[in-house]
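Architecture at a glance
Single-letter residue listing:
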Amino acid sequence: MATLTFDSLNPATGEVVGTHPKQDATAVREAVGRAEEAAAWWTALGPAGRRRRLLDYKAVLAGRLRELAALVHQETGKPVGDAALELVLTITHLDWAARNADKVLRRRRVRTGMIGVNLEATLEYLPLGVVGVIGPWNYPVFTPMGSIAYALAAGNAVVFKPSELTPGVGVRLAELFAESVPERPVFQAVTGLGETGAALAADPRVRKIAFTGSTATAKRVMAACAQNLTPIVAECGGKDAFIVDADADVRAAADACLWGALSNAGQTCVGVERVYVVDAVYEPFMRELSERVASVKAGQDYGPITMPGQLDIIRRHIDDAVKSGRAVTGGPGSVRAPYVDPVIVEDVPEDSPAVREETFGPTITVRRTRDAREALELANASAYGLAGTVFSRNTRRARELARLMRSGMTAINSVISFAGVPSLPFGGVGDSGFGRIHGADGLREFARPKAVARQRFALPGMNLTSFTRRPEELERLIRIVTFLHGRRKR
Ligand code: NDP
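Conventions and cut-offs
- Residue indices follow the written sequence of each chain, beginning from 1 at its first position.
- The predicted nature of this model means local features are confined to residues of pLDDT at least 70 and side-chain atom pairs, given and counted, to a pLDDT of 80 or more, with totals for whole chains, interfaces and linings taken over all residues.
- Processing note: side-chain calculations cover all non-hydrogen atoms of the structure and skip hydrogens and water entirely.
- UniProt positions are given in the numbering used here, feature names are shortened, and annotations may be inferred rather than shown by experiment.
- By nonpolar core is meant a set of buried Ala, Val, Leu, Ile, Met, Phe, Trp, Tyr and Cys residues that side-chain atoms within 4.5 Å join together.
- Summary of the burial criterion: residues with accessible area below 20% of their type's maximum are buried, those above 50% are exposed, and those between are partly exposed, where the area comes from a 1.4 Å probe applied to protein chains only.
- Secondary structure elements follow DSSP: runs of H or I of four or more residues count as helices, runs of E of two or more count as strands, with numbering from the N terminus.
- Nearness here has a simple test: a residue counts as near a molecule or strand if at least one of its heavy atoms is within 4 Å of that partner.
- Distance and chemistry together define a polar contact, namely a pair of N or O atoms within 3.5 Å, with one atom able to donate a hydrogen and the other to accept it when in protein, and with adjacent residues in sequence counting only for side-chain atoms on both sides.
- The residue classification treats Ala, Val, Leu, Ile, Met, Phe, Trp, Tyr, Cys and Pro as nonpolar and Asp, Glu, Lys and Arg as charged. All others, Gly included, are polar.
- Note on patches: the residues involved have over 30% relative accessible area and no salt bridge, like charges join within 9 Å, and the nonpolar side chains Val, Leu, Ile, Met, Phe, Trp and Tyr join within 5 Å.
- Exposure was quantified through the Shrake-Rupley algorithm and a 1.4 Å probe, taking into account, for residues, occlusion by the shown protein chains and nothing else.
- Salt bridge, as applied in this entry: a Lys or Arg side-chain nitrogen positioned within 4 Å of an Asp or Glu carboxyl oxygen.
- Here, a strand pair is defined by DSSP locating no fewer than two bridges between the strands.
- Whether a crossover is right-handed comes down to one check: with the strands pointing away from the viewer, does the path from the first strand over the helix to the second run clockwise; if it does, it is right-handed.
- Note on contacts: a residue pair is in contact if any heavy atoms of the two residues lie within 4.5 Å.
- In this analysis an axis means a line fitted to C-alpha atoms, helices contributing only their contacting stretch, and an angle means the value between N-to-C directions, from 0 to 180 degrees.
- Relative orientations are named as follows: roughly parallel for angles under 35 degrees, roughly antiparallel for angles over 145 degrees, roughly perpendicular for angles from 65 to 115 degrees, and oblique for any other angle.
- With the far helix as reference, a near helix turned anticlockwise by less than a right angle produces a left-handed crossing, and one turned clockwise produces a right-handed crossing.

Going by what an unreviewed UniProt entry lists, the protein is known as Aldehyde dehydrogenase and is assigned to Nonomuraea roseoviolacea subsp. carminata. In the Sequence similarities (unreviewed entry) part of its UniProt record, the protein is described as follows: "Belongs to the aldehyde dehydrogenase family."

Next comes the structure, spelled out in C-alpha cells:
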C-alpha cells in the first residue's frame, strides 16, 4: 500500500518527470505474493510458451523504442541517441535470452562414470521462483534488463525495484511486459527509496536478488539477504583500466578511450577511468587525446551528472588529482553543476583517490609505463575488477594481456564491446561483485541445477550401498579402481 510519493526529476532542468508511490514493506510483500503465484503459472507455461511471449515483449519494446528512449533521456539527462543505443542492446539481449533459454537449461543426460555404469544421470536447470532485481539509474533499461530478461527466460517471476532516480523507466518496462503477458503479473515494478529495496531483499519468498549499484550498498543488501540465506548476484562499480601497448593504433585508441571515459558523462560501471600508455607511444597518444577531447562538449555530446551527490565525489577526485598530477585538459573549474566538462590528468600517484576510488564522472588519469607488463601490473593493482581494455595490433599479445587482466571482461581494440555480445557473461571480481548476468552463465545464474541419477539395472555382485554388501564385492571394486586410477603419469 502506497503511503507517500516521490518525484523523479530531469537532472538537466530540475523539472518533475513523474510522481511515484513510495511502496512500503507491506506493498512489497503483496507484490512478492502476487509474483509467487505468477511464477508458478509462468513455470507451468513451459519454455515454448515463455519464449513466444518474451519475443513478443521484445517486439513491443522495439515498437516503443523512441518513446522509451525519450523517457530515459528525461530521467537521466543522457542524449536521446545514447538512450536509444541502450535500448538496442537490451532488445538484442532479450532476443538471445528468449531464444537460448531452453537450449541452455533443458534436461540433458550426462556421463555416469565407472561406478555409475548402471545409472542414467540427467541434469537440468529449474526456475528459482521469484527473483528480486534492484537496479541502478545510469543505464536504467540495459542494466536491470540484463538480469530481468535472463531471469524471466529461465522461468522466474521478477519484482523490480528501479533506482529512485529512474522509477518511470522501470514502471514503463513492467507495464509494457503486461501487454505481452496480460494473464499474470510475472514482471512487476515496485517504486520507492532505499527502504523499498531493503524490503525486497528481506522477503524470504524472494529466491535470489540481482543487485546493481555501489559496493557499499551491495554489502547492506547481502546482510539483509543473509537472514534468509537468499543468494545474490552483485554487479557493483569498477575502476576500469585502458592499456595502450607499443604497437597500438594510437588514433583508434584515443578515439575509443574518450568514448569509454566520457560517454554517459562517465557514469558507466565499465567506463574507462585509468589509462596506462606504454612509453613508446605515449606522446602520439596524448597528442591525439588532447586534440580529440577539445571537440567533446558536456551538455551536447553527453549529459549531466544524474545523481547530484556524485558531483562532490567527482570534485574531490579532480581537486586531489590536479594537486598531485598535471592537468592536460580541464580541472576544478570543469565542474559546473549539473555538468562536468572532460578532465584528463597525467601522473597522478597510484594511491590517490582519483586512481583508487570509482569516480563515475567524465574524468581520466593517464600514466606512462615502461612496457605492457608494467601497465598490466598497475591495472591489476585495484580492489575493483569489472572490465578493461587493451589496444594492440599484436593479436597474440593482446589476447594474453586480456587474459591476465584481473577483470570479468576485457575488450581488445574496441571499448565496452563485450556488453553487446549476448552470449558473453558480464560481471566482476573483487569489489566489483560476483555472479554473472548475460549469456548461458546469466541464464544459469537464475536457475538451480537439478541432478537426477536413475538406476537402470542392479549390478550383479556389486551392491555397494547396502548392508548386505559382502567384503569380496568391495575388494573387487578396490582392485578395479587401483587398476584404472593407480598408475602415476609423469
Ligand atoms: P546505490 O548502490 O546506492 O543504489 C543502487 C540501488 O540500490 C538503487 O535502486 C537503490 O535505491 C537501492 N538501494 C539503496 N539502499 C538500499 C538498501 N539498503 N537495500 C536495498 N536496496 C537499496 O547506488 P546509487 O544509485 O546511489 O549510486 C551510488 C554509487 O553507486 C555511484 O557513485 C557509483 O559508484 C555506483 N553505481 C554503480 C553502478 C554500476 O552500474 N555498477 C550503477 C549505479 C551506481 P534508491 O535509488 O532508491 O536509493
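1. Focus on the nonpolar core
One recurring pattern in soluble globular proteins is that nonpolar side chains are buried together. One finds F187, I209, F242, F285 and L289 to be the most contacted residues of the largest nonpolar core, which totals 142 residues. When residues of this core are assigned to their parent elements, the largest contribution, 13 residues, is made by helix α1 (residues 25-63).

2. Observations concerning the site of the ligand
Taken together, 28 residues surround the ligand, and among them G135, W137, E164, Q310 and E358 come closest. With respect to the ligand, the backbone of G135 contributes an N or O atom lying 2.7 Å from an oxygen atom. A198 is positioned such that a nitrogen or oxygen atom in its backbone is 3.4 Å from a nitrogen atom of the ligand. Elements with a contribution of two residues or more to the shell around the ligand: α6 (194-202), β8 (206-212) and α7 (215-226). Counting residues per element, the shell around the ligand draws most heavily on α6, at three residues. Split by residue class, the shell around the ligand holds twelve nonpolar, twelve polar and four charged.

3. Here's the deal with a nonpolar patch on the surface
On the surface, M114, I115, V481, F483 and L484 cluster together into a nonpolar patch covering about 460 Å² of accessible area. Turning to its location among the elements, L484 is positioned in helix α15 (residues 471-485).

4. What to know about the pairing of strand β5 (residues 130-134)
Counting buried positions along β5 yields five of five residues, so the element is predominantly enclosed. Alternating positions in β5 separate into two faces, V130, G132 and I134 on one and V131 and V133 on the other, with burial throughout. Of the pairings in the sheet, the one linking β5 to strand β6 (residues 157-161) comprises five bridges and is parallel in character. Among the inter-strand pairings, G132 is bridged to a residue of β6, identified as V159. A crossover links β5 with its parallel partner β6, the connecting element being helix α4 (residues 142-153), and its sense is right-handed. As paired elements, β5 and β8 share five bridges and run parallel to each other. Following the sheet pairing, I134 is matched in β8 by F211.

5. What about the side chain of E273?
Along the chain, E273 falls in strand β11 (residues 272-278). At a separation of 3.0 Å, a polar atom in the side chain of E273 contacts the main-chain amide nitrogen of F360. Sequence-distant contacts of E273, defined by excluding residues within four places in its chain, comprise G238, K239, D240, G266, E357, E358, T359, F360, T363, I364 and T365.

6. Some words on the packing of helix α8 (residues 250-262) against helix α9 (residues 282-293)
Each pair of packed helices can be summarised by the angle the axes make with each other and by the distance between the axes. α9 packs onto α8 with a crossing angle of 50 degrees between their chain directions and a minimal axis gap of 9 Å. Between α8 and α9, the crossing angle belongs to the class labelled oblique. Note that α8 runs across α9; the crossing there is right-handed. Contacts from V250, R251, A253, A254, D255, C257, L258 and L262 of α8 reach α9 at P284, F285, E288, L289, R292 and V293. Residues of the contact of α8 with α9, tallied by class, amount to ten nonpolar, no polar and four charged.

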